[in-house]
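Read off the chains here:
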Amino acid sequence: MQRDLSALDDHLEEAGVDGYLLDASQDDSDQLYLSGFTGPDPFLTLRANGRTHLLVSGLEYGRATEEATADTVERHADYDFEYGGREEKLDMYAEFVADKDVDSVIVPPRGPVETADGLRDRGIDVEVDRNDVVTDIRAVKTEAEIDHIREAQHANEAAMRAAEDLIAAADVAGESDVVGEDGVAGDADADYDPGTLVYEGAPLTSERVKEEIEVTLLRHGCALDETIVSCGAAAADPHDRGSGPLQANESIIIDVFPRDKASKYNADMTRTFAKGEPSETVREWFDLTEEALEAALDAVEPGATGEEVHAAACEVYEDADEPTFRTDPETETGFIHSTGHGIGLDVHELPRLASGGGELEPGHVITVEPGLYDPDVGGVRIEDLVVVTEDGYENLTDYPVELVLD
């Protein structure tokens, strides 16, 4: 997918430099954004004079010429280098840059120091782009990028449905007979602690639900390295991945953030479920969190700031006398994280829905995810994924918000 890099060109002109240089692999999403190429080893991308140039190894050259969105693709052999040492490699880099009539470049704050110093030693003026301009540019998505995120979200919803159905189908030890894989009914009390969720004769674990999520995502062309299926006291830590048997009557937070394997764009969604009868506090927290979600969504529009959206969610909790970081920065319970973040090639990117969060623009794709946490109660979080539009927002999430599963 071709990117609109005119904003980067304008930035280079304003900064009074010839080019923008990136030495990174596909793991750096700025590199993927600029080059359109998924090379597992570091390679050079140079943006100069309105054109994008790649320098890759001979191993990657054929694929790069077919897949990259660059205007030119060259290989190390074009500069008489293939397996030389460190100094020879830097000689090649400097020749590649100079060959594009570039005398000065800016590099991202995370760029390799060796590359920057090596180019300086060879007469190229190198400055650090302290504005991190490419990260800013990536925050505003094109319609094509939004469609990629929408597709990833469709897969996400299928995975969430698979997880929800698995939990709903589970029995509760101590409350019913459990039918094992052999079709024989047995007393759940005989083997499992009362309240343990049991599925097909075995405890239903966080790991089993994650497996169901991951298999479903693979079938929809997505993958993820980690997901969250966290129950009870573990759910009071927003980033606890969860482990072990799931329990009835406890809140179960499921947070899924897959990446589409073709487009490389991410989605994100969280729901909180309970099998059985959750405590009155969990029910109250769920209602409050749904209210905080709606208040934050109502605040999303162009020109609003991320700080204002965050404040809208905080006010719901604060009015109910629940602690937030805004009222108590040292609190370890209550609303203990930001309201959301941008999403795209990275799961977490600009803009931020938090104190100090900047102005929202059409094309920003953001999560909105308030929550409450306390180890004595558990945790509750609800998260939707929305895109800021010219007159408000479009919710990319089409999944019900419900706590209790039958």
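I will try to describe carefully the structure that is included in this document. Just so you know, these numbers come straight off a predicted model, no measurement behind them.

A short note on the pattern of salt bridges
Close approach of charged atoms lets side chains of opposite charge pair.
Now for step 1: Following the criterion strictly, the structure yields 28 salt bridges and no others.
Now for step 2: Measuring nitrogen to oxygen at the nearest pair gives 2.6 Å for the salt bridge that ties K100 to E74. Residue K100 is found in the loop between α4 (86-98) and β5 (104-107), and its partner E74 is found in strand β4 (residues 72-75); the two are separated by 26 residues along the sequence. Here the two residues K100 and E74 agree in accessibility, since each one is buried.
Now for step 3: Residue R138 pairs with E349 through a salt bridge whose shortest N-O separation is 2.6 Å. Separated by 211 residues along the polypeptide, R138 in helix α6 (residues 133-139) and E349 in strand β18 (residues 349-353) bring together distant segments of the chain. Each member of the pair, R138 as well as E349, carries the same accessibility label: buried.

A few points about the sheet that holds strand β2 (residues 43-48)
Now for step 1: Overall, mixed pairing links the six strands, which are arranged β4-β3-β2-β1-β5-β6 in an open sheet. For this open sheet the edge positions go to β4 and β6 (125-128), each flanked by a neighbour on one side alone. Averaged over all adjacent pairs, the angle separating strand axes in this sheet is 25°, with direction ignored.
Now for step 2: Note that β2 and strand β3 (residues 51-56) share five bridges and pair antiparallel. Bridge assignment links T45 to a residue of β3, and that residue is L54.

A closer look at the environment of A170
Now for step 1: Mapped onto the elements, A170 comes out in the loop between α7 (143-169) and β7 (171-172).
Now for step 2: By relative accessible area, which is 4% here, A170 ends up buried.
Now for step 3: Sequence spacing of A170 and D406 is 236 residues, and the spatial spacing of their C-alpha atoms is 9.6 Å.
Now for step 4: When neighbours within four sequence positions are excluded, A170 is seen to be in contact with L197, V198, Y199, L204 and K275.

Cut-offs applied
Residues numbered from 1 in each chain as written. Predicted model: local features only at pLDDT ≥ 70, side-chain atom pairs only at ≥ 80, totals over all residues. Heavy atoms only, no water. Salt bridge = Lys/Arg side-chain N within 4 Å of Asp/Glu carboxyl O. Helix = DSSP H or I, 4+ residues; strand = E, 2+ residues; numbered from the N terminus. Buried < 20%, exposed > 50% of the residue type's maximum accessible area, 1.4 Å probe, protein only. Pairing = 2+ DSSP bridges. Axes fitted to C-alpha atoms, helices over the stretch in contact; angles between N-to-C directions. Contact = heavy atoms within 4.5 Å.

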